[in-house]
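Chain and residue survey
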Amino acid sequence: MPITDGHGNPDWTRDETVLALDLLYKHGKPIDRRHSDVIALSTILQNANIHPASNRRASFRNADGVALKLQNLFSAVEPGRGLSFSKTDLAVVNDFPKERSEYLSEIASALKNTVSLGVPDPDLSDEETFIEGGWLTSRHRQRDRRLRSRLLNQRKGEALVCEICDYSVSTLGRDLQESMFEAHHRIPLVDAEGERLTRVTDMALLCACCHRLIHRLISRQAQWVGVDEAREILFASLNMNKDGRTSHRLAHN
């Protein structure tokens, strides 16, 4: 049994647990603390600025701790193994069962590319972090701030229209119109990571309400929801033709 001396260390975050579950699926069972992959994950977690140094003990995310986490997750994947597991362990296993291991591997790879970003923005809501992790969302929110300006500039001289609900208030001044719209990724964050640069064409222009709506749909369904799918869901709920133009009252109540 690994000796972790982990009492006093911060709890494992969802992002850290995703990386551990990916390692478990890769090998199909828990692996020893001396295994090179366990040591590699331990090094990644220790070097990442996820938790303040003041909250860490000397044993923080050591190889023993990583090996024990794999055993905990194995118990969550196959109940009855005897070891306990946390609510976070169970939530991650439920979101990423074995049949989704390939997708999980893609997310884990993207997370490893972002660990140097540090602690995710504490103001991120549950909807904003999707199912993919706070590291990815923090990085992309930083990009979104710049891309939003470019997206709005690209639409100078034309009315701003939400791509989900068709909301538009062209009678307002341009600055007031722009204050009601936000930029949203058309593709899953994991597909936008790595060496790929986010382009303006990758972004959708949404009113603030629909932006919150699509993030909530993603969070609830534990999978990506595209702009077109969110539009269909909204218009179906309003019992309207999806090509019709909804009013401000319908879209925002």
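Residues numbered from 1 in each chain as written. Predicted model: local features only at pLDDT ≥ 70, side-chain atom pairs only at ≥ 80, totals over all residues. Heavy atoms only, no water.

1. Describing the overall build of the chain
Looking only at helices and strands, the chain has 10 helices and 2 strands in total. Counted from the first residue to the last, the chain has its helices and strands arranged as α-α-α-α-α-α-α-β-β-α-α-α. The buried share among the 253 residues of the chain stands at 48%. Considering only contacts within the chain whose residues lie at least 6 apart along the sequence, 63% involve residues at least 24 apart. Per element, the accessible surface of the chain, about 13,000 Å² overall, is 48% carbon and sulfur. (Helix = DSSP H or I, 4+ residues; strand = E, 2+ residues; numbered from the N terminus. Buried < 20%, exposed > 50% of the residue type's maximum accessible area, 1.4 Å probe, protein only. Contact = heavy atoms within 4.5 Å. Areas by Shrake-Rupley, 256 points an atom, 1.4 Å probe, with all protein chains shown as cover.)

2. Topic: the pattern of salt bridges
Side chains that differ in charge, positive against negative, can pair when their charged atoms come close. Going through the model one piece at a time under the given rule, you end up with 12 salt bridges. For Lys69, the salt bridge identified is with Asp89, shortest N-O distance 2.9 Å. Taken together, the positions of Lys69 in helix α3 (residues 63-77) and Asp89 in helix α4 (residues 87-95) put the pair 20 residues apart, joining distant regions of the chain. On the basis of relative accessibility, which here comes to 7%, the residue Lys69 falls in the buried class. With its nearest N and O atoms 3.3 Å apart, the salt bridge here joins Glu178 to Arg174. Of this pair, Glu178 and Arg174 both sit in helix α7 (residues 174-179), 4 residues apart, which is roughly one turn of that helix. One salt-bridge network, held together by shared partners, links Arg155, Glu163 and Arg186. (Salt bridge = Lys/Arg side-chain N within 4 Å of Asp/Glu carboxyl O.)

3. Examining the packing of helix α2 (residues 36-47) against α3
Where α2 meets α3, the closest approach of the two axes is 8 Å, and the angle between their N-to-C directions is 110°. With respect to α3, the element α2 is oriented roughly perpendicular. As α2 packs across α3, the resulting crossing turns out to be right-handed. Two secondary-structure elements touch here, α2 through Val38, Leu41, Ser42 and Leu45 and α3 through Ala63, Val66, Ala67 and Leu70. When its residues are assigned to classes, the contact of α2 with α3 shows 7 nonpolar, 1 polar and no charged. (Axes fitted to C-alpha atoms, helices over the stretch in contact; angles between N-to-C directions. Parallel < 35°, antiparallel > 145°, perpendicular 65-115°, else oblique. Left-handed = near helix turned anticlockwise from the far one by under 90°. Nonpolar A, V, L, I, M, F, W, Y, C, P; charged D, E, K, R; others polar.)

4. Regarding the confidence of the model for the chain
Overall, the prediction assigns the chain a mean pLDDT of 84, with 85% of residues at 70 or greater. Element-level mean pLDDT values for the chain span from 41 in helix α10 (residues 248-251) up to 96 in α3. Scored below 50 in pLDDT, residues 1-5 makes 16 contacts in the model with residues more than four places away or belonging to other chains. pLDDT under 50 marks residues 244-253. Its contacts with residues more than four places away, or in other chains, come to 21 contacts. (pLDDT = per-residue confidence, 0-100.)

5. Description of the environment of Ala63
Along the polypeptide, Ala63 turns up in helix α3. When the C-alpha atoms of Ala63 and Ala40 are compared, they prove to be 8.6 Å apart, with 23 residues separating the residues in sequence. Apart from the residues within four sequence positions on either side, Ala63 is in contact with Arg33, Val38 and Ser42.

6. Points about the environment of Phe235
Examined against the element boundaries, Phe235 turns out to sit in helix α9 (residues 227-237). The class of Phe235 is buried, set by a relative accessible area of 1%. Taking the C-alpha atoms as reference points, Phe235 and Ile164, separated by 71 residues in sequence, lie 8.9 Å from one another.

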